[in-house]
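Observations on the three-dimensional arrangement
Below, each chain spelled out in residue letters.
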Amino acid sequence: MVKVSDEQVDFILREIEARGVTIEDLQWNLLDHMCCIIENEMSETDNFDQFFQRLLPRFFNDNLREIQEETELLLTFKHFYAMKKTVNISGLLAAVFTLLGSVFKVMHWPGAGVSFVLGIAIFSLIFLPLMIALKFRDEGSKTDKLVLSFGFLVGIVASLGFLFKMMHWPGANILMLSGLVSFTFVYVPLYFFTRVRRPELRFNATVNSVLMMGCGGLLFAMYNLGYSTRVEESSRQAYRLLNEEVQKMDQSKVISVNREDVKALQRQVMKLNEEIISLKSMIIRSSAKLTKQEYDAMPEDEAFARLPKEEAMSRILNANIQHKWDDVCKLTEQINGRLRTAYPGQKDLVFEISSIDLASNTTKIALQNLTLIQMHLRLLKLIAS
Amino acid sequence: MYICPMYSSELLKGTLKTIVLNLLKDNGRMYGYEITQRVKDLTGEKIQITEGALYPTLHALESQGELQTEEVFIGKRVRKYYTLTEKGQSTAKEKVNELVDFMNTMKFLLDLEPRTGNG
């Protein structure tokens, strides 16, 4: 019996590695097996190298790597089976929860949010990632693998975006927009052009692309959907009307009176009016991102129409605006105090500024509230004469 | 690439696991080369398990918990001895029973032995 030397063992192991077997256990098994064959079947007179080259083909049809591929296939098969099962179950759960969520939401029943979060989370974090893994195994061509995986990835981003939007979580817009744009303008064309050239796929590719383009396009069109232009226009008109009324105050002459306390009241009213005008200008410029020149050059209601939809005051509330608002509150309270002493019988003249919580308003409502104070000041100016 | 040379590989594809598990049940501890030689000897070379089929199956059975391994150093190389786990013991019995049942059904189906059959 021949004994395989240490150098020969090293040589065989190197050969096994060089032929693409990388699983260590398998390397050891093959090495031992080859050594056994050599020890049992090689005669003393045989040449080692020649014998080795003869024994190698016993292990494969085309190349040695087949053994490793077969091993990997068997090892992942069970895994693969479990994955397919999970895809089915998670798909069903996602569909049920999302449907329940939407019905509950329409009916305003409690539990809609939980159901939605569960449904879409299962869909985008379990179902779609598993689909990517499965497609990577199933699809033959590399391009198809990449394109489909990209599609699913985009789907994950977009559906998370919808969820965030529905739950009013931060980051919804960026998720939705990037998901929808990449879906409609990158994925669908990619899908179409990679498939339309293959005759057997042409019809399906065309139909699917049109459907997806339609859905993606519609969703994209809805993305920026706010109020209709009529609602926008009427709120702009209301603001203009209010402002025009207020501006009459500046035009009307201050009637000179002799009473010192009334003179002081008149001065305070004018001062407060200026403060409010300056506060409004700060809010509009900060929210609509206008420079002082741009703002001064355009009518008040046009600047108002340029404000972003539903922007919360808390988003633009900086130290300057807060400081100015504090001044407005303080001045109003001073005027209220003066009114209480000067006109003790007229309680209606007092403006309850504490009922305005500026930080929780939207910018538009805040501006309207401030203009309401100006209206009230106009009344005071008339009375204090 | 499965089992050769006497029978077609399609025919024997499904029996490799059963052969391996049953051999280990009877012999306790075996390594790869030993398994191929034993099958060759027992069947008078009618069935020869190829290396390309044996090792993937052994690895799969190990990962499924049917087999456990023991590594023994022989000079510079490592020999992996396979034994059945408890799970493997019962799987071996199930597999053999299933195959026997299958063979009986085939006999009946192919009208070789009309008396027997399973249902």
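Residues numbered from 1 in each chain as written. Chains lettered and ligands numbered in written order. Predicted model: local features only at pLDDT ≥ 70, side-chain atom pairs only at ≥ 80, totals over all residues. Heavy atoms only, no water.

Residues and elements named next belong to chain A. Here helix 8 (residues 202-223) spans 31 Å end to end across 22 residues, near enough to the 32 Å set by a 1.5 Å rise per residue. Ala205, Ser209, Met212, Gly216 and Tyr223 are the residues of helix 8 that are buried. Projected down its long axis, helix 8 carries its buried residues within an arc of 80 degrees, all on one side. Among the exposed residues of helix 8, those pointing more than 90 degrees away from its buried face are Phe203, Val210, Leu211, Leu218, Ala221 and Met222. Buried residues along helix 8 sit against helix 7 (172-195). (Helix = DSSP H or I, 4+ residues; strand = E, 2+ residues; numbered from the N terminus. Expected span 1.5 Å × (residues − 1). Buried < 20%, exposed > 50% of the residue type's maximum accessible area, 1.4 Å probe, protein only. Arc of directions from axis to C-beta. Contact = heavy atoms within 4.5 Å.)

Listed as interface residues are 23 residues of chain B and, on the opposing side, 27 residues of chain A. Between chain B and chain A lies a buried interface of about 2400 Å² when both sides are counted; carbon and sulfur atoms form 56% of it. Together, Tyr33, Lys76 and Arg77 of chain B form the three largest contributors to the area buried by chain B at its contact with chain A, with a combined 30%. At the boundary of chain B with chain A, the tally comes to six salt bridges. For the salt bridge of Asp32 of chain A with Arg77 of chain B, the shortest nitrogen-to-oxygen distance reads 3.0 Å. On the surface where chain B and chain A come into contact, there are 11 residue pairs in polar contact (both at pLDDT 80 or more). (Buried area = accessible area lost by both parts, 1.4 Å probe. Salt bridge = Lys/Arg side-chain N within 4 Å of Asp/Glu carboxyl O. Polar contact = N/O pair within 3.5 Å; in protein donor to acceptor, adjacent residues only side chain to side chain.)

Applying the stated criterion across every chain yields a total of 12 aromatic pairs over all chains. Seen from their ring centres, Phe48 of chain A and Phe52 of chain A are 6.2 Å apart, and the 15 degrees between their planes marks the pair as stacked. Of this pair, Phe48 of chain A and Phe52 of chain A both sit in helix 3 (residues 48-55), separated by four residues, roughly a single helical turn. In this pair, the class of Phe48 of chain A matches that of Phe52 of chain A, namely buried. One aromatic cluster is present, formed by Phe11, Phe48 and Phe52 of chain A through successive ring pairs. Sitting over the ring of Tyr31 of chain B, Arg79 of chain B keeps its end group 3.9 Å from the ring centre. (Phe/Tyr/Trp six-rings, centres within 6.5 Å; stacked < 30°, edge-to-face > 60°. Lys NZ or Arg CZ within 6 Å of the ring centre and 35° of its normal.)

What follows covers the sheet that holds strand 2 (residues 30-31) of chain B. Residues and elements named next belong to chain B. The three strands lie next to each other as 2-5-4, forming an open sheet whose pairing is antiparallel. Edge strands, defined here as strands with exactly one partner in the open sheet, are strand 2 and strand 4 (67-74). Pairing of strand 4 with strand 5 (residues 77-84), which is carried by eight bridges, proceeds in the antiparallel orientation. Pairing of Thr69 across the sheet is with Tyr82, part of strand 5. (Pairing = 2+ DSSP bridges.)

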